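# Structure at a glance
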Amino acid sequence: MGGIRLLLGCAGAFAAVAANGEARLASPVAPVQHVIQQPLDHNNRASSPTFGQRYWTNAAGVTDNSSARVFFLCGGESPLESTWDNIGQPFEWAAEFNALVVATEHRYYGQSVPDLHRSAPAAFYQFLTMEQALQDYVEVLTKVKADYRIPKEASVIAVGGSYSGVLSALLRVHYPEVYHMSVAASAPWLQLMGLSSPTKYFEIVSANYLQVSRSCHDTIRNGFSAVMDHYVAGGAYAALSELFHTCDPVTPRNLDNFLDWLRNAFSDLAQTNYPYAIGAMPGHPVAYVCENIVAKANATVPTGVAAAERLARVAEFYYNNATNGGTLECLNVSFLFPYCSDRCWCGTGEAAASWNYQQCTEVTIPTVTTNVTDVSPPSVCNLTDWCGEKYGVTPVPRRMQEWQPAAVQNASSRIVWSTGTADPWGGGCFQDNFTGNAEMPVLRVEGGAHHYDMRLSNANDTASVRGAQHGKGVSVEVARRARVASQVRFTQSVTDHHTMTWGFRMRTAPHLHVVCAIQSRRICGGGSPKGASHVGFTQSVVGAEALRVKGGTHHTMIRGVHDANDTVSFRGVCNTEKAHLWRWIAGHEALRT
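Within a sheet, adjacent strands bond to each other through the backbone by hydrogen bonds, running parallel or antiparallel. A sheet is described by the order of its strands in space; here eight strands give the open sequence E1-E2-E4-E3-E5-E6-E7-E8, paired in mixed fashion. This sheet does not close on itself; its edge strands, each paired only once, are strand E1 (32-39) and strand E8 (442-445). Along the sheet, successive strands turn relative to each other by an average axial angle of 20 degrees, direction set aside. Of the strand pairs in this sheet, strand E6 (residues 181-185) and strand E7 (residues 415-420) are connected by four bridges, and their pairing is parallel. In the strand pairing of E7, Ala 185 is matched with Ser 418.

Should the pLDDT be low somewhere, the predicted coordinates at that spot are not to be read in detail. Summing up the model confidence of the protein, the mean pLDDT is 79 and the portion of residues at 70 or higher is 73%. Confidence over residues 1-25 falls short of pLDDT 50; this stretch has 107 contacts with residues more than four positions distant or in other chains. Counted against residues more than four places away or in other chains, residues 573-593, with its pLDDT under 50, gives 35 contacts.

Let us look at the packing of helix H8 (residues 200-212) against helix H11 (residues 255-271). Following both chains from N to C, one finds H8 and H11 inclined at 75 degrees, their axes separated by 9 Å at the closest point. In terms of their interaxial angle, H8 and H11 are classed as roughly perpendicular. Side by side, H8 and H11 meet where Tyr 201, Phe 202, Val 205, Asn 208 and Tyr 209 of the first sit next to Arg 263, Phe 266, Ser 267, Leu 269, Ala 270 and Gln 271 of the second. Partitioning the contact of H8 with H11 into residue classes produces seven nonpolar, three polar and one charged.

To continue, consider the packing of aromatic side chains. All chains considered together, the criterion is met by 29 aromatic pairs. For the ring pair Trp 189 and Trp 417, a centre distance of 5.3 Å and an interplane angle of 80 degrees mean the geometry is edge-to-face. In this pair, Trp 189 sits in helix H7 (residues 189-192) while Trp 417 sits in strand E7, placing the two residues 228 residues apart along the sequence. Pair check on accessibility: Trp 189 and Trp 417 agree, each one buried.

The rules behind these values
- Residues numbered from 1 in each chain as written.
- Predicted model: local features only at pLDDT ≥ 70, side-chain atom pairs only at ≥ 80, totals over all residues.
- Heavy atoms only, no water.
- Pairing = 2+ DSSP bridges.
- Helix = DSSP H or I, 4+ residues; strand = E, 2+ residues; numbered from the N terminus.
- Axes fitted to C-alpha atoms, helices over the stretch in contact; angles between N-to-C directions.
- pLDDT = per-residue confidence, 0-100.
- Contact = heavy atoms within 4.5 Å.
- Parallel < 35°, antiparallel > 145°, perpendicular 65-115°, else oblique.
- Nonpolar A, V, L, I, M, F, W, Y, C, P; charged D, E, K, R; others polar.
- Phe/Tyr/Trp six-rings, centres within 6.5 Å; stacked < 30°, edge-to-face > 60°.
- Buried < 20%, exposed > 50% of the residue type's maximum accessible area, 1.4 Å probe, protein only.

Listed below in structure tokens is the structure:
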């Protein structure tokens, strides 16, 4: 792996330097490393091969295991070290909540890669799905609770940023009996669903430079225009290569890769625009390059070759001086920014290959430029041919829409979203309290970069992160919800989830509404031997409702053909009062809204 990228998107600089230790802002919290053997296919556990998955724990905040909570850090598209370093807030909350901190490496990343033959990429990566990853996380949690003697019913708060923020929310949606709340920072839920504009990312990148000064913004636009109008249109590829000190010549064949590489220098500075230095990368890096390299505020805006020269200086600063100690004699475009399925940056090495595959299958995130809403030349995002040639697969954007509820407020509860207003991925995140529901708040971090509020506190943190309504607001929301999470408790064994198909409808604010006997693993039915105990289960959940069929056997009430010998109990539930079960469901107030 060429480095450790941040949790999603254009993070080339920090990724490139993290491997050699020059710019990694390592967490001061020491982990204890563990490895669990996971089935490669949780849906075929009996015959599935296994792989070793890393996870780290830290129990410094635990004073009483019998009443402990768990902060569960979801791994994203990077090695475990990146998760541990970039989601730092739970370490600061741990003592207050008597909490164990657990971080799990995402399958196929870091050291958690299956040992399989790779001659057929589609076969090798076929089990790299979010569904399988979430099941990994439930397995890890089960083992951790047992190993640390933490009660099965102890509250668990899933935490993530960016892609891993999406995963943390999905844990709450799909495994509400295991994860009692989630914190999802900078989670591009809407973008993964195809519900936000593909132009938003680079539109916000450009806005970051305009926020510093019009001079800076317009110089960057002029520089890109000069690259296209003077060098490319004029066929001056040799001069362009010399200007940007590229190791290999820029040609018409690799021009798109060169432009993505150049865009990335500006977009990653915006995405990681934190107020403190990380290694040689200065704090407020967007303002730094504007004032020291591009154009000072109110300065004369250069055009033509002069503007292109400013872009070349930014590329040199970003890819060499700030991230490689100024040791590179030339800039290797194809190494520093390999062409891949993510137009923002896939990285290099094992993680890049895995993220490429995810982008070619279910995690499709189109990002395009227009030169109207942003400052760089127009670009398109068409991965069908590239993904087919590389992996033998075709992107399936609808997969996200089928498995990830668009109206998440109607499918879950107790998810705390946070979004930085200056985060390029923020355009695909929830921006305000979209539900008006106190159980699913959206906390805006004014001027915040990518999941800035989830990083460890720093003396140079902005007022928006320190303020009660923003950064500490996340802690307040966690406190408010974590302490009441135990009011809604599911009594099934955590490991039972593998054979369950949850058929109830989760609802938000103020209660969970559970309708049983629709489709579940013997969850309801008064007469079924296994169902009897589960009626008690539904009655223990706030807002749950169970239709009891006295003397009924397993799923009696949803058999398709009515019989003259049906019991009075069956006819009363399905025929008399509500005409039949489905009409009862359709007429239920809580299920219509």
